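Survey of secondary and tertiary structure
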Amino acid sequence: MEQRIAKYLKNHQIQEFTPGYSDSKTYCIDNRWFLKVDKKGELLSEYLSLKLFSNNGIAPEPLRYLSLDKDYLFIEKIPEQTAFDSMFGANLISFMANSLRDFHERDFSLSCLTVTEQKLFHEKTRSILEYIRQNYSEKSYNRWMFDCFHESSIDDIFKYISDNELDLETDVMIHGDFNARNVFCTPDGAYKVIDTGEAGFTDRHIDIAFAIFALKKQTKEENIEAKFLDAYGSEASREEVIKAFGSWNIDNGSTSFRTQSGEDYDPKIAEIIRILKK
């Protein structure tokens, strides 16, 4: 870990808080902040998307992003529980569907970003399709996710995606990993999201596919797909897209967005920033 960050952390209560499937590491600092650490360039998209979403009141504020030997992202800690920890069964499904529909209906302005940064969000469809083509050539896909949706062959599904990729919507902001462990329920019944590094403008049904898949892993409720789509509403009308994109683990399909200069973003929290600047 970069020396000046390690020196700061040495004097504070640290708890590692890292999901087993993630290559990054997350630390809880003094039960007030999260520090996420990943390979250089991997956390910039999450920082930028958190800026957008926190401005809309649906995500924690990203306090600091540093790209040094690795990427370091400081985030304020959300005090509420995740939807996974606080809801069950039909209530969880309904909350997730309604929250995702609200997320998709929001008008996220990119005016606070540079043209280069905006490009990251507008190229989401292209990056997902490139990722799927690569996975198909390597015969690499999520078998469990595939079995959740259909019994077609993977060749048939790839052909469908290739034949219909130009019909995908590109005007809806997706989260990219909308599952109950990344969504928090606030006391007033609203929601907040974390782990936003896969966000971008593409087809809403891609988000819906992964949300349904995640719920099938996280709850034993019956008829999850039908209940989710009913709660989401008529906008989730393209079942064939949901099934097709439910075949690949597309949440890992982002294009790396790097800053080679180690550029320093938005110093806002004096207590942390002052020490890091020494």
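The rules behind the values
Residues numbered from 1 in each chain as written. Predicted model: local features only at pLDDT ≥ 70, side-chain atom pairs only at ≥ 80, totals over all residues. Heavy atoms only, no water. Buried < 20%, exposed > 50% of the residue type's maximum accessible area, 1.4 Å probe, protein only. Helix = DSSP H or I, 4+ residues; strand = E, 2+ residues; numbered from the N terminus. Pairing = 2+ DSSP bridges. Contact = heavy atoms within 4.5 Å. Core = buried A, V, L, I, M, F, W, Y, C linked by side-chain atoms within 4.5 Å. Axes fitted to C-alpha atoms, helices over the stretch in contact; angles between N-to-C directions. Parallel < 35°, antiparallel > 145°, perpendicular 65-115°, else oblique. Left-handed = near helix turned anticlockwise from the far one by under 90°. Nonpolar A, V, L, I, M, F, W, Y, C, P; charged D, E, K, R; others polar. Salt bridge = Lys/Arg side-chain N within 4 Å of Asp/Glu carboxyl O. Arc of directions from axis to C-beta.

Turning next to the pairing of strand S4 (residues 62–67). Among the 6 residues in S4, 6 count as buried, and that is most of the element. Note: S4 against strand S5 (residues 71–76), 5 bridges, orientation antiparallel. Looking across to S5, one finds that Pro62 is bridged to Ile75.

Let's shift gears to the environment of Asp171. For Asp171, the position within the fold is in the loop between helix H8 (154–164) and strand S6 (172–174). Taking the C-alpha atoms as reference points, Asp171 and Asp203, 32 residues apart in sequence, are found 7.3 Å from one another. Not counting the four nearest positions on each side in its chain, Asp171 is found in contact with Phe201 and Thr202.

Before going further, it helps to examine the nonpolar core. Of all hydrophobic cores here, the largest spans 48 residues; its most connected members are Phe53, Met96, Phe121, Met173 and Phe228. The set of elements that each furnish at least two residues to this core consists of helix H2 (44–55), S5, helix H4 (89–105), helix H5 (115–122), strand S7 (183–185), strand S8 (191–193), helix H9 (204–218) and helix H10 (224–232). At 7 residues, the largest contribution of residues to this core is made by H4. Residues within four places of Phe121 in sequence aside, it is in contact with Ser45, Leu48, Ser49, Leu52, Leu110, Leu113, Met173, Ala199, Gly200 and Phe201.

Moving on, we get to the environment of Ile157. For Ile157, the location among the structural elements is in helix H8. Its relative accessible area of 8% is what places Ile157 among the buried residues. Through-space distance from the C-alpha of Ile157 to that of Phe245 is 8.4 Å; in sequence the pair is 88 residues apart.

Attention now goes to the packing of H9 against H10. In a pair of packed helices, the angle between the axes and the distance between the axes together describe the arrangement. As a packed pair, H9 and H10 sit with axes 10 Å apart at the nearest point and diverge in direction by 135°. The angle between H9 and H10 falls in the class oblique. Here H9 runs over H10; the crossing is right-handed. On H10, the residues that touch Arg204, Ile208, Ala211, Ile212, Leu215 and Lys216 of H9 are Ile224, Glu225, Phe228, Leu229 and Tyr232. Here the contact of H9 with H10 is composed, by residue class, of 8 nonpolar, no polar and 3 charged.

Moving on: the pattern of salt bridges. Going through the model one piece at a time under the given rule, you end up with 11 salt bridges. In this structure, Arg126 and Glu130 form a salt bridge, with 2.9 Å as the shortest nitrogen-oxygen distance. Linking Arg126 with Glu130, this pair stays in helix H6 (residues 124–137), spanning 4 residues, or about one helical turn. Residue Glu130 is classed as partly exposed on the basis of its relative accessible area of 39%. A salt bridge links Glu169 to Arg204; the nearest nitrogen and oxygen atoms lie 3.8 Å apart. Within this pair, whereas Glu169 is found in the loop between H8 and S6, its partner Arg204 is found in helix H9, the two being separated by 35 residues in sequence. Sharing partners across several salt bridges, the network here consists of Lys119, Glu123, Arg126 and Glu130.

In this section: H10. Those residues of H10 lying buried are Ile224, Glu225, Phe228, Ala231 and Tyr232. Projection of H10 onto a plane perpendicular to its axis shows the buried side chains occupying an angular sector of 140°, all on one side. Downstream of H10 by one or two residues, Gly233 has phi in the positive range, about 110°.

With that settled, the discussion passes to the packing of H4 against H10. Interhelical geometry of H4 versus H10 gives an angle of 45° and a closest axis separation of 8 Å. Taken together, the axes of H4 and H10 lie oblique to each other. When the axes of H4 and H10 are compared, the crossing they make is right-handed. Counting all contacts with H4, which are made through Ile93, Ser94, Met96, Ala97, Asn98, Leu100, Arg101 and His104, the residues of H10 involved are Ile224, Lys227, Phe228, Ala231 and Tyr232. In terms of residue class, the contact of H4 with H10 is made up of 8 nonpolar, 3 polar and 2 charged.

What follows is about H5. When we look at burial in H5, the residues that qualify are Glu117, Leu120 and Phe121. Looking straight down H5, one finds that the buried residues subtend no more than 95° of arc, so they occupy a single side. Residues of H5 that are exposed and point over 90 degrees away from its buried face: Val115, Thr116 and His122.

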